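Results of the structural survey
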Amino acid sequence: MGDRRKILQRVGLYVLVLLILVWTLGPFIWLFLTSISTQAKLNTIPIQWLPSPPTFEHYQAMFDPTSSTGALFLAAMRNSLIIASSTTIVCLIFGVLAAFSLARFSFRGRNALVMGMLATRLLPTIALAVPFYVLIVGYVERVAPMYDTRHNLVILYTSFIIGLVVWIMQGYFQTIPKDLDEAAMVDGCTRFQALTRVILPLVTPGLVTTGLLAFLLAWDEFLLALIFTRTSNAFTMPYFVFIVGSSQYYQSPAAVAAGGFMAALPPVILALVFQNRLVSGLTAGAVKG
Amino acid sequence: MTAKVSRKRDSGQMSQRRGDQAFAFSLLSPALLIMLVVVFLPLAYAFFLSLNKAEIVVVGGKGSVLAEWRWLKNYLYFLVDPSFWYSVRVTSYFTGVSLAIELVIGTIIALVLDKEFWGRPVVRALLILPWAVPTVVNARLWGLIFEPHAYGALNGLLQTLHLIGPTEAVNFLAPIPIFQNVPGLGQITTWLGATRAINWLILGDTWKVAPVVALLVLAGLQTVPKELYEAAEVDGATAWGRFWRITVPMLRPVILVILVYRTMELFRVFDILYILMAYTIPVLAVKTYQEAFVFGGFGRGSALAFLIGLFILIIAFVYIRLVAVTEEA
């Protein structure tokens, strides 16, 4: 009796696991299957789950710089890589310095500053997008070209990512005993050298996690790219996925799926490779507050 | 703490402390300057704009701002505008229903993953995949799945499961109010702006987030001491009783953080609704975008943006207080 119940429980557990896997992976697998289907197969009733034969024409088109899709895709990929990496570097450099300062020194207003950093991450993008637009198009544009440039997006993305970097990194710095700074300074390091030569190597895992989160956030951003870019000078992968689905660039569901799959590939690969780090970073942020 | 102690010591320590302060400030100042320019200045400017009727005029490639002082008229305009309150309700409906579903699905997944089974590390690793998919791709992906023709993916699935006829098709993203044949409830859902479309879109949005909620809850579950369950089992508590009496109270801090973080993210939802529904589901972010960038009313747009920002900062403040209380306890 007890044995039978145990077996049933095991079977039930594996059925649940299977359901979780289908729910988690199914939609993404469908995106890929759609992207390698021909239009005729997609319009078949009843539905054909596996495309046979598969076609890779949409992927070929995206990597062909002479086709219209290819020109758009390659520009968007280049822009996204440049913008997301630059934003990550800028946020890490300035964010890490500030985080170290907040983690190591106590001064009046320190707690308010830490909370302020967190609050900037929570601000809705649209609340900043409106004044950004008026300031940039109405004033800054006269002095320096900003609209439809990559550096403009890097600056704007910094606004909502740097606060998060400071917030997470100061948590990592607090796990390193302060004695280490002092020991380094006794050995003849300046305060700044104590940070760069002794403390930073110790928080490398934290730097990697924080850098990844910053990169993924910048890669994902859509609203500001929609407002501030127009041409292949600066538009990003999310903007590309938006226009291939709903404008004069629209071709077919399969082409949209292929574009979407390519836009998702870099973050998905990064997340799967570094999943342990990301989960620990996310849980450290959430569990510790 | 250290600063307070060193204050009582000799003057050598005092100058060291002053050096520390200068160093601390020099490390902080670049980040503070950046935030001043890209966060606080725009916010202050948004407040100024919100008190004006503001338009952008572009002449010969040069833009200039035409502003006309209007006191609080932009705010009053929205506060008496039924469509603004409709936006507030739709946004709240989207936020509330999504949150509830995310938490339930996330907790179920976490409880399953807390058990030992073959392949658990792989399943846990794969859970991060939906979270990594960009929101725009998520919108497109669900747009494909919700394809309203008989050859669409979800329609195909419903046909295979014999839930609809073999050539039938459901138009998932139709703006049809729900529960219309239930007296009372039908009126409430209409008032809330609950439609078939928004419900299916909530499912799409949940797909991306529920697994990460599960990972966070799972991390919380693993902090619950196993002895508590064993003791409760000895005392004869049922599995259900153990879940409500031990698991849920121990998960309180994690769930609190998820609740408030997600409330804020859901409240500013834009991408999936704008991409798939354009302006037909006017959540606050979509309405603000339309007001400013489609109608060109930057004063009104700023007033809306400021109202959302204010609302979110209030939630953030409550959240910080709640977390502080939990940490002290």
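Residues numbered from 1 in each chain as written. Chains lettered and ligands numbered in written order. Predicted model: local features only at pLDDT ≥ 70, side-chain atom pairs only at ≥ 80, totals over all residues.

1. Here's the deal with helix 10 (residues 204–220) of chain A
All names here are of chain A. Between its first and last C-alpha atoms helix 10 spans 24 Å; for 17 residues at 1.5 Å apiece the expected length is 24 Å, and the two agree. Most of helix 10 is tucked away, with 12 of its 17 residues classed as buried. Residues Gly206, Thr209, Thr210, Gly211, Leu213, Ala214, Phe215, Leu216, Leu217, Ala218, Trp219 and Asp220 constitute the buried set of helix 10. (Helix = DSSP H or I, 4+ residues; strand = E, 2+ residues; numbered from the N terminus. Expected span 1.5 Å × (residues − 1). Buried ≥ 20, exposed ≤ 12 C-beta atoms within 10 Å, placed from the backbone.)

2. With respect to the interface of chain A and chain B
With 82 residues of chain A at the interface, the matching set in chain B holds 88 residues. Looking at side-chain class alone, the side of chain A that touches chain B contains 61 nonpolar, 17 polar and 4 charged residues. (Contact = placed C-beta atoms within 7 Å. Nonpolar A, V, L, I, M, F, W, Y, C, P; charged D, E, K, R; others polar.)

3. What about helix 14 (residues 284–294) of chain B?
Among the 11 residues in helix 14 of chain B, 8 count as buried, and that is most of the element. Along helix 14 of chain B, the residues that are buried comprise Leu284(B), Ala285(B), Val286(B), Lys287(B), Thr288(B), Tyr289(B), Glu291(B) and Ala292(B).

4. Some thoughts on the confidence of the model for chain B
Residue and element names in this part refer to chain B. Counting all residues, the mean pLDDT for chain B is 86, and 92% of those residues have values of 70 or more. At the level of individual helices and strands, chain B shows its lowest average pLDDT in helix 1 (residues 2–7), which scores 44, and its highest in helix 7 (residues 135–145), which scores 95. Across residues 1–10 the pLDDT falls below 50, and counting only partners more than four positions away or on other chains, this stretch makes 6 contacts in the model. (pLDDT = per-residue confidence, 0-100.)

5. Here we look at the nonpolar core
By size, the foremost hydrophobic cluster in this structure holds 175 residues, and its most contacted members are Ile126(A), Ile161(A), Val165(A), Val166(A), Phe240(A), Ala214(B) and Leu273(B). Element by element, the count of residues in this core is highest for helix 7 (residues 150–174) of chain A, at 16 residues. When sequence neighbours within four positions are dropped, the list of residues in contact with Phe240(A) reads Leu72(A), Phe73(A), Ala76(A), Phe235(A), Gly259(A) and Ala263(A). (Core = buried A, V, L, I, M, F, W, Y, C linked by C-beta atoms within 7 Å.)

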